Amino acid sequence: MATIPQVAEAMQTALATTAIQAARETRFVQRESKMGGAEFVQTLTYGWLENSQATLEELCQTAAALGLTITPQGLDQRFSASAAECLRKVLEAAVDKVIAAEPVAIPVLQRFKGVYLDDSSTVTLPDDLANVWSGCGGSTEKGTSAALKLQVRLDYAQGTLCGPFLQPGRTPDRRSPLQQMPVVAGSLRIADLGYWNLAVLQQIADHGGYWLSRVQVQTTVYDRKGKKWELVELLQTMAQTELDKHVTLGIQHRQPARLLARRLPQEVAEKRRRRLREDARSRGQTVSKRRLALADWNIFVTNVPVALLTLHEALVLSRARWQIELIFKLWKSHGCIDEWRTQKPWRILCEVYAKLTAMVVQHWILLISCWRYPDRSLFKAAKAVRKHVMGLACATHSIQRLCVVIETIQRCLTAGCRINKRKAQPHTYQLLLDLSYCA
């Protein structure tokens, strides 16, 4: 578990030591200047952490708090390709820091060494940056040529953040660096279908890890007798509403797994089918009969033994994957990592990198302040952190002073950053704490 001094040291290393080195390596700073690498990185990181919509004038006020006098025009001239590269190196250094919280007090999570949630999110960039981060293209001529994909792994138990790792927006999730990251023996990985790869699942199992995933509809399934089944046909033979069946997956891999399924209420299934058809129409496609038929079921596959995780528990735990979506939502709605107040490409890229660094630093503080509470509210906590950013900025040069500010933030976050229970639609933490709820 990380301590306040460890977080303070990580902040100082990333935003000062690494920033100075990165500025020299990228030639952002080539001679003595009143705004060196550390001052530049801290001005942007702290400035946009305090106010994600900060103007140049407001960023200059942050610089003044750091002891630097600079005009908005002078700051604007600093945004360049080398400045962006400097900020990218600082972000990568921050991502390399491993900060873990005290495990959250949810028993089902504590059965595993870690519960890893893998997902990605995309930030669309100006077309002028297509040579840096290529996009997916689209139906419009503008606004689709450049995009940045963020690959993130969150340990839901201890809050450890791996990433964001940066990739071109056009890169599919199955080629994410997360696919090759080790899953510690006894840990559980939960990922969506974009990461579906039987070879990866087999590698996790071979190293003593567990996985829980939705199943790709084209996957071939074999029962214990070796009979080959289409997934739809297998489910249609079932008279009961729940299924927990030992199978093997794939023609080549024959990966052992448990096939878990629960039939959905008719109104929920119809709602799913409507969404499938609407999504297909927007893409100019049609939905296969197979996908429409499978909409009747909640279907997962896992290699976790039933003694460790029942069908009911697995379906409840699968909902935890959306917790990483809350991280992305926090970064976009509060951190505004996909918003900017300029049309200048390099300034935009600098802003994206600096804001992502700010979100990593913010996450470190959240981990040591409130992660251990199941009913934590990351949105309330992030709002509280912003109130103390100038204190962090002014204390960055001193580990001791930085610890004092972080300790103050910790007390504030402990006091009032919780979410209320809901009866009609329980939060994920409520479902995990009380598995008597319907999954």
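To keep things clear, this report deals only with the structure shown in the data block. In every chain, residue numbers begin from 1 and rise along the written sequence. Per-residue local features of the predicted model are confined to residues with pLDDT of at least 70, and side-chain atom pairs are confined, for both listing and counting, to 80 or more; whole-chain, interface and lining totals are unaffected and use all residues. As a rule here, side-chain values come from all non-hydrogen atoms in the structure, and water together with hydrogens is ignored.

Put simply, DSSP marks the helices as runs of H or I at least four residues long and the strands as runs of E at least two long, and each gets a number from the N terminus on. Of regular secondary structure, the chain possesses 16 helices and 10 strands. With respect to the principal axes defined by its C-alpha atoms, the chain has extents near 75 × 50 × 40 Å. Buried means the residue's accessible area, taken with a 1.4 Å probe over protein chains only, is under 20% of the maximum for its type, while exposed means over 50%, and partly exposed covers the values in between. Within the chain, the fraction of its 439 residues that count as buried is 53%. Summarising the internal contacts of the chain: among those between residues at least 6 apart in sequence, 67% fall at separations of at least 24. Surface exposure of the chain reaches about 20,300 Å², of which carbon and sulfur atoms provide 48%. In the chain, which carries 58 positive and 39 negative side-chain charges, the distance between the mean positions of the two groups comes to 4 Å. Contacts are residue-level and defined by heavy atoms, with any inter-residue pair within 4.5 Å sufficient. Surface accessibility in these figures is a Shrake-Rupley result with a 1.4 Å probe; residues are shielded only by whichever protein chains are displayed. The sign given to each residue is positive for Lys and Arg and negative for Asp and Glu; His and the chain ends receive no count. For charged residues, the charge sits on one atom: NZ in Lys, CZ in Arg, CG in Asp, CD in Glu.

The next point concerns the pairing of strand β3 (residues 161-168). Bridging between strand β2 (residues 146-155) and β3 involves 6 bridges; their strand directions are antiparallel. Its bridge partner being in β3, L154 is matched across the sheet by L161. We treat two strands as partners when DSSP finds at least two bridges between them. The hairpin formed by β2 and β3 contains 5 residues between the paired strands, and G159 there has a positive phi angle of roughly 80°.

Turning next to the pattern of salt bridges. Two side chains with opposite charge may pair up if their charged atoms get near one another. Counted as salt bridges are all cases of a side-chain nitrogen of Lys or Arg within 4 Å of a carboxyl oxygen of Asp or Glu. This model, assessed by the stated rule, comprises 20 salt bridges. Among the salt bridges present, the one from K149 reaches D173, with a minimum N-O distance of 3.3 Å. Here D173 lies in the loop between β3 and β4 (188-191) and K149 lies in strand β2, a separation of 24 residues in the sequence. The class of D173 is buried, set by a relative accessible area of 12%. A salt bridge links R273 to D296, with the shortest nitrogen-to-oxygen separation between them at 3.0 Å. You can see R273 sitting in helix α8 (residues 266-282) and its partner D296 sitting in the loop between α9 (289-294) and β10 (297-302), a full 23 residues away along the chain. Where salt bridges share partners, they join D76, K344 and R347 into one cluster.

Another aspect to go through is the pairing of strand β1 (residues 115-125). If a strand is regular, its side chains alternate between the two faces of the sheet. With 9 of its 11 residues buried, β1 lies for the most part within the structure. Pairing between β1 and β4: 4 bridges, direction parallel. Bridging from a neighbouring strand, V115 pairs with L188 of β4. Of the strand pairs in this sheet, β1 and β2 are connected by 10 bridges, and their pairing is antiparallel. Its bridge partner lying in β2, S121 is registered against L150.

In this section: empty space enclosed by the protein. Only protein atoms enter the 1 Å grid, on which a cavity is a set of points fitting a 1.4 Å probe that cannot get out and a pocket is an open set with protein on both sides within 12 Å along at least 5 of 7 lines, lining residues being those with an atom within 4 Å of a point. Grid points are joined across faces, edges and corners, and a volume is the space filled by probe spheres set on the points. In this structure the tally under the stated criterion is 3 cavities of 30 Å³ or more. Forming the boundary of the largest cavity are W48, A54, T55, L56, L59, R341, R347 and E351. Partitioned by chemical class, the residues of the lining of the largest cavity number 4 nonpolar, 1 polar and 3 charged. When residue character is reported, Ala, Val, Leu, Ile, Met, Phe, Trp, Tyr, Cys and Pro are called nonpolar, Asp, Glu, Lys and Arg charged, and the others, Gly included, polar.

Another aspect to go through is the sheet that holds strand β8 (residues 242-249). Pairing within the open sheet is mixed, and its 10 strands lie in the order β3-β2-β1-β4-β5-β10-β9-β8-β6-β7. Only two strands of the sheet have a single neighbouring strand rather than two, namely β3 and β7 (228-229). Axes here mean lines fitted to C-alpha atoms, for a helix over just the part in contact, with angles spanning 0 to 180 degrees between N-to-C directions. Those strands touched by helix α11 (residues 322-334) are β1, β2 and β3, and its axis lies near 35° from that of β1.

Here we come to the packing of aromatic side chains. Only rings of Phe, Tyr and Trp enter the pairing, Trp through its six-membered ring, and a pair is recorded when the two centres are within 6.5 Å. The plane angle decides the type: under 30 degrees is stacked, over 60 is edge-to-face, the rest tilted. The full count for this structure, using the stated rule, is 4 aromatic pairs. Judged by centre distance (6.1 Å) and plane angle (75°), the ring pair of F112 and Y210 falls under edge-to-face. Placement of F112 in the loop between α5 (81-96) and β1 and of Y210 in strand β5 (residues 210-213) is noted, with a sequence separation of 98 residues between them. Assessed through its relative accessible area of 6%, F112 is described here as buried.

On to the state of the cysteines, then. Cysteine sulfur atoms are paired as a disulfide whenever they fall within 2.5 Å. If you walk through the whole model with that rule in mind, you get 0 disulfides. The thiol of C417 is unpaired, and the distance to the nearest cysteine sulfur, on C370, comes to 6.2 Å. Looking at C417, the relative accessible area reads 4%, which means it is buried.

With that settled, the discussion passes to helix α3 (residues 56-65). Three or more residues of α3 are buried, namely L56, L59, C60, T62 and A63. Take α3 and look down its axis: the buried residues cluster within an arc of 155°, on one side only. Looking at the packing, one finds that the buried side of α3 touches α2 (37-50), α4 (72-76), α12 (345-370) and α14 (389-395). Positive phi shows up at G67, right after α3, with a value of about 95°. What the arc measures is the spread of directions leading from the helix axis to the C-beta atoms.

To continue, consider the side chain of K355. Relative to the helices and strands, K355 resides in helix α12. Once you skip the residues sitting within four places of it in the chain, K355 turns out to touch W48, S52, G335, C336, I337 and E339.

A few words now on the environment of M238. Note on placement: M238 falls in the loop between α7 (231-236) and β8. Linking M238 and L326, residues 88 residues apart in sequence, is a C-alpha distance of 36 Å. Those residues in contact with M238 that lie beyond four places of it in its chain are L243, R263 and W297.

In this section: the packing of helix α1 (residues 4-25) against α5. Where α1 meets α5, the closest approach of the two axes is 9 Å, and the angle between their N-to-C directions is 140°. Here α5 runs oblique to α1, going by the angle between their axes. Like other packed secondary-structure pairs, α1 and α5 cross with a definite hand, here right-handed. Contacts from A14, L15, T18, A19, A22, A23 and E25 in α1 reach C86, K89, V90, A93 and A94 in α5. For the contact of α1 with α5, the class distribution of residues is 9 nonpolar, 1 polar and 2 charged. By definition in this entry, angles of less than 35 degrees are roughly parallel, angles greater than 145 are roughly antiparallel, angles of 65 to 115 are roughly perpendicular, and the rest are oblique. By convention, the crossing between two helices is left-handed when the near helix turns anticlockwise from the far helix through less than a right angle, and right-handed when the turn is clockwise.

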